[in-house]
Amino acid sequence: QVQLVESGGGLVQAGGSLKLSCAASGRTSSIYSMGWFRQAPGKEREFVAAISWSIGKTYYGDSVKGRFTISRDNANKRVSLQMSALKPEDTAVYYCAAPASGGMLYTYEYEYAYWGQGTQVTVSS
């Protein structure tokens, strides 16, 4: 089993920045990629970004491309999401996730087996 714990959420004004972090523990040797998703009230969970552990290859959802940056710390099994130029529509609960196996950059919710508890990000206008 893998446990994921997010941190770093909060309230920020539009145009500001915020950095989220996700710490992985447990059977982390089985993790080859990780991702971030978000879910706004009344909306479906949305893919945000993914990264591969080995070479750090990244992939982003269209709504955050150019504003968000995902990175990883292999030694500490931690993945971060640097969010800049935040907009009110970025308001959501943000979740980090890991697939059960494989190092592909998965973008669908069902492709991930492990999830954190989520951290709230609120962007005020």
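This text follows the structure it describes.
Residues numbered from 1 in each chain as written. Predicted model: local features only at pLDDT ≥ 70, side-chain atom pairs only at ≥ 80, totals over all residues. Heavy atoms only, no water.

Let's talk about the nonpolar core
Ranked by internal contacts, the top residues of the largest apolar core, which has 30 residues, are Leu-4, Met-34, Trp-36, Leu-81, Met-83 and Tyr-94. Those elements that provide at least two residues to this core are strand E1 (2-7), strand E3 (18-26), strand E4 (33-39), strand E5 (46-52), strand E7 (68-73), strand E8 (78-83), strand E9 (92-98) and strand E11 (119-124). Non-local contacts of Tyr-94, meaning those with residues more than four positions away in its chain, are made with Glu-6, Leu-20, Trp-36, Phe-37, Arg-38, Val-48, Phe-68, Leu-81, Met-83, Gly-118, Thr-119 and Val-121. (Core = buried A, V, L, I, M, F, W, Y, C linked by side-chain atoms within 4.5 Å. Buried < 20%, exposed > 50% of the residue type's maximum accessible area, 1.4 Å probe, protein only. Helix = DSSP H or I, 4+ residues; strand = E, 2+ residues; numbered from the N terminus. Contact = heavy atoms within 4.5 Å.)

Quick word on the packing of aromatic side chains
Enumeration according to the criterion identifies 8 aromatic pairs in this entry. With 5.6 Å between their ring centres and 75 degrees between their planes, Phe-37 and Phe-47 make a pair best called edge-to-face. One end of the pair, Phe-37, is in strand E4; the other, Phe-47, is in strand E5, and 10 residues separate them in sequence. Taken as a pair, Phe-37 and Phe-47 share a single burial class, namely buried. Among the aromatic residues, ring-to-ring pairing joins Phe-37, Phe-47, Tyr-59, Tyr-95, Tyr-106, Tyr-112 and Trp-115 into one connected group. Sitting over the face of the ring of Tyr-95, Arg-45 holds its NZ or CZ atom 4.0 Å from the ring centroid. (Phe/Tyr/Trp six-rings, centres within 6.5 Å; stacked < 30°, edge-to-face > 60°. Lys NZ or Arg CZ within 6 Å of the ring centre and 35° of its normal.)

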